Every structure is written in structure tokens, then in C-alpha cells.
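Commentary on secondary and tertiary structure
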Amino acid sequence: MNPYEKKRRWKFFLLFFAIIIGTASVFYSDFFVKKMEREEKLQFQLYVRVTEQSFYMYEDDRSTPIIDLIRSNNKLPVIMTYSSGEIITYQGLDSTKTNYDIQKKPGVDYDPAYFEHELRKMKKQHSPTPITGLDGTRWWIYHKDSSTLTQLRYFPYIQLGVIALFLLTAYVAFSSARKAEQDQVWVGMAKETAHQLGTPISSLMAWVELIKSRFNAEDDPLIAEMENDIKRLEVITDRFSKIGSKPIVEDHVVYTVIYNFVAYFKLRTSDKTKFSIVGDEQVRAMINVPLFDWVIENLLKNAVNAIENEGNITINIIENLTKEEVFIDVTDTGKGIARSKFDAVFQPGYTTRKRGWGLGLSLTKRIIENYHSGQIFVKDSELGKGTTFRIVLKSSITYEPTTNS
């Protein structure tokens with residue numbers, strides 16, 4: 001299993017574990033909520049019972065202190081009304097808004113909108129309980145859940161939200177730190193590679209010159225190809241040395257850059273693989289040629305490896321006038337990529353080859369996005385039929401809209 005697959009499995013495992021913890025927290029809180037609901041229901045029933053009995057007890061002047069104590073210990077918001085809806089009494093409401101007097105004494109005001117609002121909430125939460133007075137009058141008692149119960153209902157969701165926000169913040173912070181560390185490793189490895197290649201390349205150049213002078217091989221085609229390969233090594237060294245520094249991008253004809261590299265590359269590939277470059281031959285873009293050649297090289301190598309026997313590789317250059325962009329589609333007739341792997345192929349370490357490092361497409365993505373401000377993605381792929389990678393670059397030509405005079 002490659003590192004990317006392991007990483008993805010760990011993500012799924014941690015996500016599953018987090019869901020289990022969250023679900024357990026919600027169920028555990030729900031257990032207490034239901035228990036508290038039962039206790040408040042019993043408390044309200046006791047309040048109603050005591051209220052009914054108080055009519056007779058006040059009449060007989062018995063046990064009044066006990067009744068008052070039981071009613072005062074009720075913490076639930078309660079409103080008692082006549083059948084007409086007129087308020088008789090209340091308990092457990094906001095004291096700053098309930099300056100309400102049954103006698104309606106002059107100069108004593110209250111907030112009617114507050115009572116209407118509270119009554120609507122009570123009617124929405126619970127059905128009213130009727131009681132009958134001494135004279136047979138029908139009264140209605142409304143109540144709503146206590147603030148503690150209401151807060152307890154929302155607590156697990158607030159808790160999960162805070163935990164999720166903390167985890168997201170931690171994930172972003174650690175990901176940024178890890179990415180910065182990876183970038184430092186990439187840069188250090190690339191520059192060390194460039195440094196190590198410098199000495200043998202210089203030596204090879206000297207040996208080629210010695211062979212040419214000793215054997216009078218100035219026009220030998222084999223020596224010419226050796227020189228081309230040495231120049232190629234110099235280009236590769238230059239590529240590695242540019243990693244981590246801001247490369248210089250210049251205006252180039254895209255077709256010419258790709259054509260020059262393909263001409264070199266196809267001589268070092270099997271004759272069974274046919275190359276073709278089609279599309280717009282004039283479109284231009286801002287390109288760093290050594291790094292862009294590296295991109296094309298990685299895509300072509302992957303395409304060649306995907307073709308088991310004979311096959312075709314087509315590079316199509318398309319100009320998008322509307323967005324002033326250049327599309328470069330690299331299509332092969334190889335074994336294809338599963339749709340679920342479209343993003344995974346660009347992850348460091350992802351490879352389907354036994355002897356691969358899985359760094360080619362990752363480097364390609366970095367070069368296009370970080371150094372050319374473009375995009376690269378799998379445009380299309382079908383197992384057994386082939387794959388198309390698309391590169392998107394900004395055109396270096398600005399088009400002015402035409403107007404009819």
C-alpha cells in the first residue's frame with residue numbers, strides 16, 4: 001500500500017472515530033435531556049395539583065405556608081389565564097418585564113408584548129392544563145421548558161461545533177506546517193542534486209572534447225548525440241537548481257517549445273509509440289522553458305509507460321480567446337486511470353509502477369501552479385482506452401474586443 005493510500009485510510013478512520021464520539025456525546029446528552037423533561041413534567045403536575053388544592057385550603061385557611069413554599073419552589077415559567085385568554089397570574093418570568101398587577105392599579109404598567117410572546121412559546125411547546133375554581137370557572141395553566149433544559153438541548157451541538165472548529169484550525173495549522181517542511185525538503189534535495197550533477201557533467205564534457213580531438217570525430221553523429229545528452233543533463237541540473245527560487249518566465253510560442261522537446265524525446269523512445277503535435281501554432285504564453293520541458297517530459301514518460309505495446313501520444317494546443325488562456329491536452333492510448341484516482345495521481349508518493357518514486361506528477365503540478373500560475377488536471381480517462389491531461393496557462397497575448405464602426 002502506497003503512502004497516499006495509508007494516509008487516506010487514516011483520515012477515514014479518524015473521521016469515523018470522530019463521528020462515533022460525536023454520536024455518543026449527543027445520545028448521552030439526550031439521555032439527560034429526557035430525564036430532566038420527566039422531572040420538569042412531574043414538577044409542573046405538582047404545581048397544578050397544589051394550585052387546585054390551594055382553592056380549598058385558602059378557603060379553610062389550612063396549610064397555607066406549605067402551599068406557598070411548594071409553589072415558590074417551582075422554577076418553570078408559568079402563566080395562568082381565563083378561558084378568554086386574560087392573564088390571571090404568572091410565575092418564573094423575567095421580572096424586568098412583568099410589572100403586572102391583577103388589580104390593575106393606576107400607574108402600574110407591564111409589557112403586554114412580552115406576555116404575548118411568552119404565551120405563544122408556551123402554546124407551541126406544551127398543551128395547556130385546565131383547572132376549575134370554586135365557582136366552577138375554567139382556568140388554563142401554560143408552561144414552557146426551563147432555560148436550563150433549553151440550554152442542555154443545544155449544548156451537545158454547540159460542543160460539537162466548538163470541537164469541529166478546533167480540529168479544523170489544528171488541521172489547517174499542521175497542514176501548513178507540514179507543507180512548509182515538505183517544501184524545504186524538496187528545495188534541499190533539488191539543490192543538492194544539482195550540485196552533485198555538476199562535477200560529472202563537467203567531466204563528461206571534457207571527455208567528449210578529448211574524444212573528438214584524438215579520433216578526429218568532429219562530425220561523428222554518435223558524438224553529436226552524446227553532446228545532446230550532456231546538454232540535456234545540463235538542462236536537468238538547471239531545473240533542479242531553480243527549485244525553491246523564483247524562475248524567470250518569458251514570452252514563448254507554445255508550439256515551438258513543445259515541438260523542440262518532443263523532437264529530442266521521441267529519439268529516445270520506442271518506435272512503437274507515435275507522437276503528434278496538433279492545434280494552434282501561433283499562441284503564446286509566459287513560460288520558463290527548462291521547467292516547462294520538465295512538465296512535458298513527465299507527462300510523456302507517464303504516457304509511454306501507460307502504453308503497453310503500440311500506441312499514440314497526441315499533444316493538442318488550443319487557444320481559449322474568451323478567457324485568454326492556452327489549453328495543452330496530452331492524450332495517450334494507454335491503460336487509463338480510474339476516475340477515483342484523478343486527484344490521487346498528483347499526490348507525492350503515488351505510483352502504480354514497482355520501480356517508481358511517485359514524484360513526477362507531483363513535481364509537474366508544483367511547476368505549473370507555483371511557477372507558471374496555471375492549472376493541471378486529468379481532463380478525461382477511460383480504463384483500457386487512454387488518458388488526457390490538460391494544462392491551462394495564461395496567454396501572453398491580450399485581445400481587444402472588436403467594434404464595428
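This write-up is about the structure you can find in this document. Owing to the predicted nature of the structure, the values given are computational and were not obtained by experimental measurement.

Let's shift gears to the overall build of the chain. Check the secondary structure of the chain and you find eight helices and 11 strands. A buried classification covers 35% of the 405 residues belonging to the chain. Residue pairs in contact within the chain that sit at least 24 positions apart in sequence constitute 67% of those at least 6 positions apart. Counting only carbon and sulfur atoms, one obtains 57% of the accessible surface of the chain, whose full area is about 25800 Å².

Now for the pattern of salt bridges. When the charged atoms of two side chains lie near each other, side chains of opposite charge can form a pair. Enumeration according to the criterion identifies 15 salt bridges in this entry. Ionic pairing is found between Glu209 and Lys212, a salt bridge with its closest N-O pair at 3.6 Å. Of this pair, Glu209 and Lys212 are both found in helix H4 (residues 147–214), three residues apart, which corresponds to roughly one turn of the helix. Its relative accessible area of 44% is what places Glu209 among the partly exposed residues. One salt bridge in this structure joins Glu225 and Arg268, with 2.8 Å as the shortest N-O distance. Here the residue Glu225 occupies a position in helix H5 (residues 221–242), and Arg268 occupies one in the loop between helix H6 (254–266) and strand S6 (273–279), the gap between them amounting to 43 residues. We classify Arg268 as partly exposed; its relative accessible area is 34%. Connected via shared salt-bridge partners are Glu209, Lys212, Glu218 and Glu227.

Right, let's talk about the pairing of strand S7 (residues 284–287) for a bit. On S7, burial follows the alternation: Ala285 and Ile287 on one face are buried, whereas Arg284 and Met286 on the facing-out side are not. Judged from the four bridges that link them, strand S5 (residues 250–253) and S7 form a sheet pairing that is antiparallel. Considered in S7, the bridge of Asp251 is made with Met286.

A separate point is the sheet that holds strand S9 (residues 325–332). Read across the sheet, five strands follow the order S6-S8-S9-S11-S10 without closing on themselves; strand pairing throughout is mixed. Edge positions in the sheet fall to S6 and strand S10 (375–382), since each has one partner strand and no second. Each strand of the sheet is rotated relative to its neighbour by a mean of 15°, with strand direction disregarded. Taken together, the eight bridges between S9 and strand S11 (residues 386–394) define a ladder with antiparallel strand orientation. The residue bridging Thr331 from the neighbouring strand is Thr388, located in S11. Each of S10 and S11 is contacted by helix H8 (residues 360–371), which is oriented at about 135° to S10, the strand it contacts most.

Under the definition given, this model contains 11 aromatic pairs. Each ring, one from Tyr255 and one from Tyr259, has its centre 6.2 Å from the other, and the planes form 15°; the classification is stacked. Linking Tyr255 with Tyr259, this pair stays in helix H6, spanning four residues, or about one helical turn. Its relative accessible area of 16% is what places Tyr255 among the buried residues.

Among the nonpolar cores identified, the biggest contains 49 residues, and Val254, Ile258, Phe292, Leu300, Ile328 and Ile391 are the most heavily contacted of them. The leading source of residues in this core is helix H7 (residues 289–306), at eight residues. Once residues within four sequence positions are removed from consideration, Ile258 is found in contact with Ile277, Phe292, Ile296, Ile315, Ile317 and Ile328. Phe44, Tyr47, Leu76 and Met80 belong to the second largest nonpolar core, which has 10 residues in total.

Here we take up the packing of H6 against H7. With their axes 10 Å apart at the nearest point, H6 and H7 run at an angle of 50° to one another. Overall, the two elements H6 and H7 adopt an arrangement that is oblique. Of the two elements, H6 crosses H7, and the hand of that crossing is right-handed. Between H6 and H7, the residues in contact are Val257, Ile258, Phe261, Val262 and Phe265 and Val289, Phe292, Asp293, Ile296, Glu297, Leu300, Lys301 and Val304, respectively. Classifying every residue of the contact of H6 with H7 by side-chain character gives 10 nonpolar, no polar and three charged.

Another point: the environment of Val295. Inspection of the secondary structure assignment puts Val295 in helix H7. Of the residues examined, Val295 reaches a relative accessible area of 0% and is grouped as buried. For the pair formed by Val295 and Gly360, sequence separation is 65 residues and the distance between their alpha carbons is 8.4 Å. When near neighbours in sequence (up to four residues on either side) are disregarded, Val295 contacts Thr364, Ile367, Ile368 and Ile391.

Let's shift gears to unusual backbone geometry. The backbone phi angle of Asn216 is positive, close to 50°, even though this residue is not glycine. Structurally, Asn216 can be placed in the loop between H4 and H5. Located in the positive-phi region is Ser373, a residue other than glycine, with phi close to 50°. Inspection of the secondary structure assignment puts Ser373 in the loop between H8 and S10.

Judged from the four bridges that link them, strand S1 (residues 78–82) and strand S2 (residues 87–91) form a sheet pairing that is antiparallel. Within S2, the residue paired with Met80 across the bridge is Thr89. In textbook terms, the turn of a hairpin is the stretch between consecutive antiparallel strands, and for S1 and S2 this stretch comprises four residues, one of which, Gly85, has a positive phi near 100°.

Moving on, we come to the environment of Val78. With respect to the helices and strands, the residue Val78 is situated in strand S1. With relative accessibility at 1%, the residue Val78 sits in the buried group. In this structure, the C-alpha to C-alpha distance between Val78 and Leu93, residues 15 residues apart in sequence, is 7.5 Å. In this view, Val78 contacts Tyr47, Tyr90, Gln91, Met122, Ile141, Tyr142 and His143; residues no more than four positions away in its chain are not counted.

Scoring rules and cut-offs
Counting from 1, residues in each chain are numbered in the order their sequence is written. Confidence filtering applies because this is a predicted model: local features only for residues at pLDDT of at least 70, side-chain atom pairs given and counted only at 80 or more, and all residues used for totals across whole chains, interfaces and linings. Each side-chain value is derived from all of the structure's non-hydrogen atoms; neither hydrogens nor water enter the calculation. Comment: elements are numbered from the N terminus, with helices defined as DSSP H or I runs of at least four residues and strands as E runs of at least two. Burial classification: accessible surface area is computed with a 1.4 Å probe over protein chains only, and a residue below 20% of its type maximum counts as buried, one above 50% as exposed, and the rest as partly exposed. Throughout, a contact is declared for two residues whenever any of their heavy atoms are within 4.5 Å. In short, Shrake-Rupley with a 1.4 Å probe defines the accessible areas, and a residue's cover is counted only from the protein chains shown. Salt bridge criterion: a side-chain nitrogen from Lys or Arg within 4 Å of a carboxyl oxygen from Asp or Glu. By the convention used here, strands pair only if DSSP detects at least 2 bridges between them. An axis is simply a line fitted to the C-alpha atoms; with a helix, the fit covers only the stretch in contact. Between two such axes, the angle follows the N-to-C directions and lies from 0 to 180 degrees. Only Phe, Tyr and Trp rings take part, Trp by its six-membered ring, and two of them pair if their centres are within 6.5 Å. Stacked means planes under 30 degrees apart, edge-to-face means over 60, and tilted covers everything else. The definition of a nonpolar core used throughout is a set of buried Ala, Val, Leu, Ile, Met, Phe, Trp, Tyr and Cys residues joined through side-chain atoms within 4.5 Å. Each angle receives one of four descriptions, namely roughly parallel if under 35 degrees, roughly antiparallel if over 145, roughly perpendicular if within 65 to 115, and oblique otherwise. Handedness of a crossing follows from how the near helix is turned relative to the far one, being left-handed for an anticlockwise turn of less than a right angle and right-handed for a clockwise one. Amino acid classes used here: Ala, Val, Leu, Ile, Met, Phe, Trp, Tyr, Cys and Pro are nonpolar; Asp, Glu, Lys and Arg are charged; the rest, including Gly, are polar.

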